[in-house]
Amino acid sequence: MEKKKAIDLIKLEVLDCLNNADAETLSLSKKVDSDFPWKELGEYQNLAAFLSVALPLEFPVSELKDKVALKLYNMRDEIKAKLDAKRKQDEPPVLIEEETEIIDEEFIVEETNVPVIEEEISPLSVSGRIEQKRTEEISAKSDLRNKATYDKELVEKTVKEYFKFHFEPELKSIRNSMKRNFFISLTLFAISLILIVILFVMG
Amino acid sequence: MTDLSEVKSLTDAEIMLKITEYDSKALEQLYDRYTPLLYTLIKKIIPEKESAEELLSEVFVIIWRQIDHFDFSTSNVYTWMVTLARNKAIDVKNRSISKVTEEYTDDYEKEKILPKLSPEIESVDLEEVLGMKEKIEGAMKSLTDAQRYVIELSYFEGLDESGIAEKLKIPSSTVKSKLQVAIGNLMKKISKTN
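For clarity, every value in this text was computed on a predicted model and none was experimentally measured.

Asker: Describe the side chain of B:Q180, with residues and values.
Answerer: With respect to the helices, strands and loops of the structure, B:Q180 is situated in helix α11 (residues 172-193). The class of B:Q180 is buried, set by a relative accessible area of 15%. A polar side-chain atom of B:Q180 sits 3.0 Å from the main-chain carbonyl oxygen of A:D8. If we ignore the near neighbours within four places in the chain, the residues touching B:Q180 are A:D8, A:L9, A:K11 and A:L12.

Asker: Summarise a negative patch on the surface; cite the residues concerned and give the values.
Answerer: A cluster of acidic residues, B:E102, B:E103, B:D107 and B:E111, forms a negative patch on the protein surface. Residue position: B:E111 is located in helix α6 (residues 106-113).

Asker: Tell me about the interface of chain A and chain B, and please be specific about residues and values.
Answerer: Each partner contributes residues to the interface: chain A has 50 residues there, and chain B has 64 residues. Of the roughly 5,500 Å² buried between chain A and chain B, counting both surfaces, carbon and sulfur atoms make up 68%. A per-residue breakdown of the area chain A buries against chain B is headed by A:L15, A:F50 and A:V53, which together make up 12% of the total. At the surface where chain A touches chain B, the tally comes to seven salt bridges. Note that B:E28 and A:K65 form a salt bridge whose closest N and O atoms lie 3.1 Å from each other. Where chain A packs against chain B, one counts 22 residue pairs in polar contact (both at pLDDT 80 or more). Mapped by element, the contributors of at least two residues to the side of chain A that touches chain B are α1 (3-14), α3 (38-50), α4 (64-74), α5 (76-90) and α7 (123-202) of chain A. Take the side of chain A that touches chain B: its biggest share by element is twelve residues, from α3(A). Of the residues assigned to the side of chain A that touches chain B, the class counts are 29 nonpolar, seven polar and 14 charged.

Asker: How would you sum up the pattern of salt bridges? Please name residues and give values.
Answerer: If you walk through the whole model with that rule in mind, you get 22 salt bridges over all chains. Between A:K67 and B:E54 there is a salt bridge, with the nearest N and O atoms lying 2.9 Å from each other. Note that A:K67 is positioned in helix α4 and B:E54 in helix α4 (residues 49-66), a pairing that runs across two chains. For B:D145, the salt bridge goes to B:R148, with nearest N and O atoms at 2.6 Å. One end of the pair is B:D145 and the other is B:R148, both in helix α9 (residues 145-156) and three residues apart, which spans about a single turn. Residues joined in a network through salt bridges with shared partners are A:K4, A:D8 and A:K11.

Asker: Which residues make up a nonpolar patch on the surface, and what values do they have?
Answerer: Residues and elements named next belong to chain A. Taken together, the side chains of I184, L188, I191, I194, L195, I198 and M202 make up a nonpolar region of the molecular surface, amounting to roughly 700 Å² of accessible area. Turning to its location among the elements, I184 is positioned in helix α7. Owing to a relative accessible area of 45%, I184 belongs among the partly exposed residues under this scheme.

Rules and cut-offs
Residues numbered from 1 in each chain as written. Chains lettered and ligands numbered in written order. Predicted model: local features only at pLDDT ≥ 70, side-chain atom pairs only at ≥ 80, totals over all residues. Heavy atoms only, no water. Helix = DSSP H or I, 4+ residues; strand = E, 2+ residues; numbered from the N terminus. Buried < 20%, exposed > 50% of the residue type's maximum accessible area, 1.4 Å probe, protein only. Polar contact = N/O pair within 3.5 Å; in protein donor to acceptor, adjacent residues only side chain to side chain. Contact = heavy atoms within 4.5 Å. Patch = residues over 30% accessible without salt bridge, like charges linked within 9 Å, V, L, I, M, F, W, Y side chains within 5 Å. Areas by Shrake-Rupley, 256 points an atom, 1.4 Å probe, with all protein chains shown as cover. Salt bridge = Lys/Arg side-chain N within 4 Å of Asp/Glu carboxyl O. Lys, Arg positive; Asp, Glu negative; His and termini not counted. Charge placed at Lys NZ, Arg CZ, Asp CG, Glu CD. Buried area = accessible area lost by both parts, 1.4 Å probe. Nonpolar A, V, L, I, M, F, W, Y, C, P; charged D, E, K, R; others polar.

Here it is in structure tokens:
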């Protein structure tokens, strides 16, 4: 496609005003044309986004921030799953391979059912190996549990800190105002008591 | 977790990087920076206050959830954020009038809501664009009323070519050429002043 024609279609695309036929033509050109004007596409995408700056600014209610925080809090399971997936990607798969090998060995011992001479593999060494495998399994399970706990704690910590940041100042001011009110009530009570005593003495 | 004062000094792109680690303070900073602009844009498209606020919160949820789809090679936070908010608002508007009936799934969100910016786009951030506010307003004023109107109908009202043609009672081909001339003139004006 000619560069000029592509730019003409780009102008419509950034305004989200391409008809289906033109959208297909432009999409194909992006895929096959080695000289597609990517730079111009970027310039026009920036230009379209600039349009919003010319609008007179408006502001939402301040409580909306807490609402967003709450929505994010409700997403904690989803985020935790993402963190788990990320962690799994980052982990080297060494542990899993070792475990598979051990399972294979044990499987062979059980499956072949070949009479085994006691001197070759003593029951003690087999049970020792099983015991060792159990210990390794327990340790691997405990590692996984630790990781899961760590992720859970991380998500909870993130959310807690967010909430702490938002609500702590508000709570502080409420506590202060409660203290103030308590002292005012106490003072008023003392004054009333004194007045009653004075009235009683005078009477 | 990053300290709030530390986050405040970060660039938009650095904040996005922190959000990939699900740093809530980074998202909060992004919220503080972009909320007035995004809310203004959303409210222009969806004038009802409560719906606009609900939509703005959804935009930040999308950012939190889909941050992996932000292109860090170009790091154009401003255009990504604005385009995302605009796409979401237009989608909500179109659904309210049954213009869009497709189910809203994760794939749909990736395909239709997340911006597909050019791999060669120049990076701009909010501070930079706010510094150009007067130039942009001047460039908009330099357009004819008709040119400004067709841009408004397409970008802010989400009308397509046939929708504008029907509204203005002019042929589709005229709508196309009017939009191309209008956005072309705007580009010339802004490039000239830059």
